[in-house]
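Residue-level structure breakdown
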Protein chains: 2
Amino acid sequence: MDKIWKNNIRDIEPYVPGEQSKEKGIVKINANENPYPPSPKAIEAIRNFEHQKLRFYPDANAAEFKKAVADFYGVKPQNVFLGNGSDDVIALSFQSFFNGELPIAFPDITYSFYPVWCRLFKIPYKNFPLKSDFHINADDYREKNGGVVIPNPNAPTSLGEGREFIEKILRCNRDCVVIIDEAYVDFGCYSSIDLTKKYENLLVTGTFSKSRSLAGMRIGYAIGSSELISTLEAVKNSYNSYTVNSISMAAGTAAIKDREYFEKTISKVIATRERVKTRLREMGFTVLDSQANFLFATFCSKNMKDYFEWLKTQKVYIRYFNLPRIDNYVRITIGTDEEMDIFLQKTEEFLRL
Amino acid sequence: MDKIWKNNIRDIEPYVPGEQSKEKGIVKINANENPYPPSPKAIEAIRNFEHQKLRFYPDANAAEFKKAVADFYGVKPQNVFLGNGSDDVIALSFQSFFNGELPIAFPDITYSFYPVWCRLFKIPYKNFPLKSDFHINADDYREKNGGVVIPNPNAPTSLGEGREFIEKILRCNRDCVVIIDEAYVDFGCYSSIDLTKKYENLLVTGTFSKSRSLAGMRIGYAIGSSELISTLEAVKNSYNSYTVNSISMAAGTAAIKDREYFEKTISKVIATRERVKTRLREMGFTVLDSQANFLFATFCSKNMKDYFEWLKTQKVYIRYFNLPRIDNYVRITIGTDEEMDIFLQKTEEFLRL
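Now for a description of the structure that goes with this document. (Residues numbered from 1 in each chain as written. Chains lettered and ligands numbered in written order. Predicted model: local features only at pLDDT ≥ 70, side-chain atom pairs only at ≥ 80, totals over all residues. Heavy atoms only, no water.)

Description of the overall build of chain A
To be explicit about the condition: Where helices and strands are cited, they refer to DSSP runs of H or I of at least four residues and of E of at least two residues respectively, numbered from the N terminus. C-alpha atoms define the radius of gyration in this analysis, and the globule rule sets the expected value at 2.2 Å times the number of residues to the power 0.38. Buried residues are those whose accessible area, probed at 1.4 Å on protein chains only, stays under 20% of the maximum for their type, while exposed residues exceed 50% and partly exposed ones sit between those limits. Here, residues are in contact when the closest pair of their heavy atoms is within 4.5 Å. To measure how exposed things are, a 1.4 Å probe is used in the Shrake-Rupley method; for residues, cover is taken only from the protein chains shown. Counting rule applied: Lys, Arg positive; Asp, Glu negative; His and chain ends not counted. One atom stands in for each charge, and that atom is NZ of Lys, CZ of Arg, CG of Asp or CD of Glu.
Looking only at helices and strands, one finds ten helices and 13 strands in chain A. Relative to the compact-globule value of 20 Å for 353 residues, chain A shows a C-alpha radius of gyration of 21 Å, a close match. Each principal axis of the C-alpha atoms in chain A carries an extent, and together these give about 60 × 55 × 50 Å. Within chain A, the proportion of its 353 residues that are buried is 63%. Counting only contacts in chain A whose residues sit at least 6 apart along the sequence, the fraction spanning at least 24 positions is 73%. Surface summary for chain A: the accessible area is close to 13,600 Å², and the carbon and sulfur share equals 49%. Positive and negative side-chain charges of chain A, numbering 47 and 45 respectively, have mean locations separated by a distance of 2 Å.

Take a look at the structure:
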């Protein structure tokens, strides 16, 4: 730091987001993206948008989009918050609800952004280790917390928890805000959205990036009591009133109204997931029972980092985390059947090496 | 506050964003939006986007878009930061660069978000009153500051400052980051972008919402030394790696490459502005010499709040601020010639009332 003006600059460790390869012919099953395109109705909404109107600011209250989301989830528009991807929604929630002295609690193996946001917003936090079967231990969260964040299903473990588990957490944490991050919930996991009517300190967050194939449009949401939502709105409006752009709103509204396409796509991903899981187990892999659009797997006698790197040379991109406890696991996003067949074939080749 | 979980919730005054009326037949000259649509090339880029690809996350580094912005402004891609509207860019800059004990400085009459961000991020600040002619007094900024924010041209005054003024500020503030907010610069004001090569503590911010008619797409940028930009990138990547969506990037890239349309639109807005300014002065208004896409005006013997409200009954929406020193002024966005003719005709009617 040679110059004085550098003294007041944020001292921050650069977080490098995952590479988006532009190479052709890649089986890209490394970013938990949906292998199927967005609903044709969402694409139609983008194409038919009155582009002349882009000179206007978006509706800061996103009234129409909120209503569509509320209708889908059986809540009221005042229970819905919308943001620029669920990262934006969860980051704003951290800023909005975790302003106490007590540390907030989340699992040791989980979405890597939670500790990053804590450092960014100077929120104290503590981690509770997952059990040896990689499930979250609800009893860990019984002590007094400044807040609780539970991803359900968890990532990268893919494991989901049921209503009883969630209510156990909620019953012990009535004095802080509990966030259930449901980014992957649509692939067969229990959703806590109904519980927001019972627990007014419960915030459930979600995204259009996974089950609705709109990662490129950046749409996230939160559902909770009108008190939590109005606080989020106030903080959002103090930061950037127009977070969701006009075309994302149009695409998102059309996407959430197309329940049929949504259910069809999800069924396909789940069917492929179950088939790949079974096949990997037959080959000798240990594969966790996924309720997400990815599998978390290991093979005791093989080095998973080597496996990950070898697959890359074969143009199959999966994900490997060099982190304690999971450094011999890989995360495999569910692609199309054709993509997964290539993946399985390459995996067989690897095992024969 | 009846429940304990409410104790750690952010205590925040709700900021209510301006209403976007859906009524038809309105002359909407209240939000500083551009009266002309975006470049046809931007619209083409949106229509021709490979919508199937929206299932992928956007390029977190926005390489192609950054290069187009860098080319336009004669800087390098590592000198360009992109965000979800310039509000997002400036808010991130406040978080990134204003972490000292000394208050940051900006004018008393200026963009209303600056004090809101200071409160949100707990940044101490001080205001310096504009001179009686509503120009900024550069000498005010000579004392030691934690940071300086100067909008050029200023809003809602519409007044711009030249290179000498900006360098005077920069020469006195070598020990903090200086932000020049150029949201309206393209309508005839001096741009400090070239000075970023001389002063590595200078950050210039801008938006695609005004001169490029893309308010609905949420695109903002900052230009500065690679050191400032890499800090912004690190903070952004700790918050939400994928801030700019894929379609905004495509539209923005096409828009900034279409220099001809950009220049043509700006000339039209400036010509209309000068005509309306002259006409208002002929009627007896005091109108400041605008370098923006709006006029700031008063009429000594008339109540401007009444004028604003009466115009609303006539379906002409302008902007009135009930704030000290400017509570008998109105801000009039420059619309099309047809819109401004209606506005002028209604104004004549008002003066005859």
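Thoughts on the relation of the copies chain B and chain A
Put simply, the rule is: A residue counts toward the fit only if its pLDDT is at least 70 in both copies, and the copies are then superposed by least squares on the C-alpha atoms of those residues.
The transform that puts chain B on chain A rotates by 180° and translates by 0.0 Å along the axis, for an RMSD of 0.0 Å. Between the two chains, the operation in question is that of a two-fold axis. Relative to the rotation axis, the closest C-alpha in chain B is found at Arg47 of chain B, a distance of 2.7 Å. Take the interface residues of chain B: 100% of them recur as interface residues in chain A, which is what a same-surface contact looks like.

Observations regarding the pairing of strand 6 (residues 178-181) of chain A
Residue and element names in this part refer to chain A. Selection criterion: If you view a crossover with the strands going away from you and the path from the first strand over the helix to the second runs clockwise, you call it right-handed. Any two strands are treated as partners once DSSP identifies two or more bridges connecting them.
Alternating residues of strand 6 divide into Val178 and Ile180 and Ile179 and Asp181, and every residue in both groups is buried. Between the parallel elements strand 5 (residues 147-151) and strand 6, the chain passes through helix 5 (residues 163-172) in a crossover that is right-handed. Alignment of strand 6 against strand 7 (residues 202-207), held across four bridges, turns out to be parallel. Residue pairing across strands places Asp181 opposite Thr205, the latter belonging to strand 7.

Focus: the sheet that holds strand 10 (residues 294-298) of chain A
All names here are of chain A. If you trace the four strands from one edge of the open sheet to the other, you get 9-10-13-12, paired in antiparallel fashion. Every other strand in the sheet has two partners, leaving strand 9 (286-287) and strand 12 (319-320) as the edge strands with one partner each. In terms of strand pairing, strand 12 meets strand 13 (residues 330-333) through two bridges, oriented antiparallel. Across the sheet, residue Arg319 finds its bridge partner in strand 13, namely Arg331.

Description of unusual backbone geometry
Here Asn152 of chain A and Pro153 of chain A are connected by a cis peptide whose omega angle stands at 0°. Note on placement: Pro153 of chain A falls in the loop between strand 5 and helix 5. Residue Pro156 of chain B follows Ala155 of chain B across a cis peptide bond; omega there is 0°. With respect to the secondary-structure elements, Pro156 of chain B resides in the loop between strand 5 (147-151) and helix 5 (163-172). The backbone of Ser213 of chain A sits at a positive phi, close to 55°, despite the residue not being glycine. Along the chain, Ser213 of chain A turns up in the loop between strand 7 and strand 8 (220-224). Located in the positive-phi region is Ala62 of chain B, a residue other than glycine, with phi close to 45°. In this structure, Ala62 of chain B sits in the loop between helix 1 (40-47) and helix 2 (63-73).

A closer look at the side chain of Glu33 of chain A
Residue and element names in this part refer to chain A. Where we set the bar: By the criterion applied in these results, polar contacts are pairs of N or O atoms within 3.5 Å in which, for protein atoms, one can donate a hydrogen and the other can accept it, and in which residues neighboring in sequence qualify only through two side-chain atoms.
For Glu33, the location among the structural elements is in the loop between strand 1 (27-28) and helix 1 (40-47). On the accessibility criterion, Glu33 (4% relative accessible area) is buried. A distance of 2.7 Å separates a polar atom in the side chain of Glu33 from a polar atom in the side chain of Lys28.

Examining the interface of chain B and chain A
Note the cut-off: Buried area is calculated as the accessible area (1.4 Å probe) missing from two parts once they are joined, with the contributions of both summed. Salt bridges are defined as contacts in which a side-chain nitrogen from Lys or Arg sits within 4 Å of a carboxyl oxygen from Asp or Glu.
Contacts between chain B and chain A engage 81 residues on the former and 83 residues on the latter. Carbon and sulfur atoms make up 55% of the surface buried where chain B meets chain A, a total of about 7,300 Å² over both sides. Looking at the side of chain B facing chain A, the largest losses of area belong to Trp5, Arg55 and Tyr239 of chain B, adding up to 13% of the total buried there. Seen at the junction of chain B and chain A, the total is four salt bridges. Note that Lys6 of chain A is salt-bridged to Glu227 of chain B, the shortest N-O span being 3.1 Å. For the pair chain B and chain A, the interface holds 36 residue pairs in polar contact (both at pLDDT 80 or more). When residues of the side of chain B that touches chain A are traced back to their parent elements, those giving at least two are helix 1, helix 3 (86-97), helix 4 (113-121), helix 6 (226-239) and helix 7 (246-257) of chain B.

Focus on the pattern of salt bridges
It is possible for side chains bearing opposite charge to pair when their charged atoms get close. Following the criterion strictly, the structure yields 51 salt bridges over all chains and no others. Notably, a salt bridge pairs Lys28 of chain B with Glu33 of chain B, separated by 2.7 Å at the nearest N-O pair. Through salt bridges with shared partners, a single ionic network connects Arg273, Glu274, Lys277, Arg281 and Asp289 of chain A.

Side note on the sheet that holds strand 13 (residues 330-333) of chain B
Residues and elements named next belong to chain B. With antiparallel pairing, the four strands of this open sheet are ordered in space as 9-10-13-12. At either end of the open sheet lies a strand with only one pairing partner, and these are strand 9 (286-287) and strand 12 (319-320). Both strand 9 and strand 10 (residues 294-298) contribute to a ladder of two bridges, which runs antiparallel. Opposite Thr286, over in strand 10, you have Thr298 as the bridge partner.

A look at the nonpolar core
We count it as follows: We call a set of buried residues a nonpolar core when its members are Ala, Val, Leu, Ile, Met, Phe, Trp, Tyr or Cys and they connect through side-chain atoms within 4.5 Å of each other.
Core analysis: the biggest nonpolar cluster contains 171 residues, and Leu280, Ile318 and Phe343 of chain A together with Leu280, Phe285, Ile318 and Phe343 of chain B have the highest contact counts within it. Setting aside chain neighbours within four positions, we find Ile318 of chain B in contact with Ile29, Asn30, Tyr307, Phe308, Leu311, Val330, Arg331, Ile332 and Phe343 of chain B. If you look at the next biggest cluster of nonpolar residues, it comprises 60 residues, including Ile90 of chain A together with Ile9, Val116 and Ile229 of chain B.

As for the packing of helix 4 (residues 113-121) of chain A against helix 6 of chain B
Stated formally: The axes used here are C-alpha line fits, helices contributing only the stretch in contact, and every angle between their N-to-C directions lies in the interval 0 to 180 degrees. Any angle from 65 to 115 degrees is called roughly perpendicular, while one under 35 is roughly parallel, one over 145 is roughly antiparallel, and all others are oblique. Side-chain classes follow a simple rule in which Ala, Val, Leu, Ile, Met, Phe, Trp, Tyr, Cys and Pro form the nonpolar group, Asp, Glu, Lys and Arg form the charged group, and the remainder, Gly included, forms the polar group.
Where helix 4 of chain A contacts helix 6 of chain B, the axes come no closer than 8 Å and their chain directions differ by 125°. With respect to their mutual orientation, helix 4 of chain A and helix 6 of chain B come out oblique. When helix 4 of chain A is examined against helix 6 of chain B, the residues Phe113, Val116, Trp117, Leu120 and Phe121 of chain A are found in contact with a partner set consisting of Val235, Asn237, Ser238 and Tyr239 of chain B. Partitioning the contact of helix 4 of chain A with helix 6 of chain B into residue classes produces seven nonpolar, two polar and no charged.

Concerning the packing of aromatic side chains
Residues and elements named next belong to chain B. Note the threshold: Note on ring pairs: Phe, Tyr and Trp rings are taken, using the six-membered ring of Trp, and paired if centres are within 6.5 Å. Classes follow the plane angle, with under 30 degrees stacked, over 60 edge-to-face and the rest tilted.
Applying the stated criterion to the full structure yields 55 aromatic pairs over all chains. Judged by centre distance (6.3 Å) and plane angle (40°), the rings of Tyr114 and Trp117 are tilted. Of this pair, Tyr114 and Trp117 are both found in helix 4, three residues apart, which corresponds to roughly one turn of the helix. You can call Trp117 buried: its relative accessible area is 0%. For the pair Phe134 and Tyr329, a centre-to-centre distance of 5.2 Å together with 75° between the ring planes defines the contact as edge-to-face.

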